[in-house]
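Below are the chains, spelled out letter by letter.
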Amino acid sequence: MTHPTPVPPPTVELDPSPVLRHNPDRDRYEMWAGDELIGLVGYELTAGGDIVILHTVVTEKFGRAGFARLLTVQLLDALEAEGRQVVPVCTYVQKFVDRFPQYQHMILA
C-alpha cells in the first residue's frame, strides 16, 4: 500500500473557504470562494462513466498560491467517493498524481 504524501494547503487563506462545485452543463468542476471563481477542471465522460480530465485552470488572481493543488485534491477525493476513475490528459494532474501517489489507484491506463 502506498503511504499518503501530505498535500500542502494553499499559501493564502480565503473567507469563505473554497468550495468545489460540479457544473455538468459545462462539463467542468469549478472552485468558488463565495461568488468568486478560483479555477476549474474541464472533463469528458467515458462510455463507462469515468472522467477524462482535459485541463486545469486557475484564475490569474489565485495563481501560484496552491489553489490548483487544492482543486485537484478536492476533485480526486470527490471522484473517488463516487467510485470513478480518471484518465488525466491534463499535464498538471499527471504530475500531481506522480507527486502524490495515494491517487495512482484512480488512474486508468
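In this convention, every chain numbers its residues from 1, walking through the sequence in written order. In keeping with the predicted nature of the model, local features appear solely for residues at pLDDT of at least 70, side-chain atom pairs appear and are counted solely at 80 or more, and the whole-chain, interface and lining totals rest on all residues. Excluded from the side-chain calculation are hydrogens and water; included are all heavy atoms of the structure.

Trainee: Explain the overall build of the protein here, please?
Mentor: Within the protein one finds two helices and five strands. Runs of H or I in DSSP of at least four residues are treated as helices and runs of E of at least two as strands, each being numbered from the N terminus. Walking the protein from its N terminus toward its C terminus, one meets helices and strands in the order β-β-β-β-α-β-α. The C-alpha atoms of the protein give 13 Å as radius of gyration, which agrees with the globular expectation for 109 residues (13 Å, within 12%). Put simply, the protein has 109 residues, and 39% of those count as buried. Accessible surface area values rest on a Shrake-Rupley calculation with a 1.4 Å probe, where residue burial reflects the displayed protein chains alone. Accessible surface, the protein as shown: approximately 6500 Å² in total, 52% of it carbon and sulfur. Note on method: radius of gyration uses C-alpha positions; expected globular size equals 2.2 Å times residues raised to 0.38. Buried residues are those whose accessible area, probed at 1.4 Å on protein chains only, stays under 20% of the maximum for their type, while exposed residues exceed 50% and partly exposed ones sit between those limits.

Trainee: Looking at this structure, how should I read the nonpolar core?
Mentor: Where a protein is soluble and globular, its nonpolar side chains tend to be buried together. Note on terminology: a nonpolar core comprises buried Ala, Val, Leu, Ile, Met, Phe, Trp, Tyr and Cys residues joined through side-chain atoms within 4.5 Å. One finds Ile53, Leu76, Leu79, Phe96 and Tyr103 to be the most contacted residues of the largest nonpolar core, which totals 24 residues. Elements that contribute at least two residues to this core include exactly β2 (28–33), β3 (36–45), β4 (51–58), α1 (67–81) and α2 (91–99). If you tally residues by element for this core, the top one is α1, at six residues. Throughout, a residue-residue contact means that at least one pair of heavy atoms, one from each residue, lies within 4.5 Å. Not counting chain neighbours up to four residues away, the residues in contact with Leu79 comprise Tyr29, Ile51, Arg84, Val86 and Met106.

Trainee: What am I meant to see in the packing of aromatic side chains here?
Mentor: Between two aromatic rings, the relevant description is the distance of the centres plus the angle of the planes. Paired rings are identified among Phe, Tyr and Trp, the last through its six-membered ring, by centres lying within 6.5 Å, and are further divided according to the angle between planes into stacked (under 30 degrees), edge-to-face (over 60) and tilted (the rest). Scanning the model with the defined rule gives four aromatic pairs in all. Taking the centre distance of 4.7 Å and the plane angle of 45° together, the rings of Phe96 and Phe100 count as tilted. Ring centres of Phe96 and Tyr103 lie 5.7 Å apart, and the angle between their planes is 45°; this geometry places the pair in the tilted category. In this structure, Phe96 and Tyr103 share a single accessibility class: buried. Ring pairing ties together the aromatic residues Phe96, Phe100 and Tyr103, which thus form one cluster.

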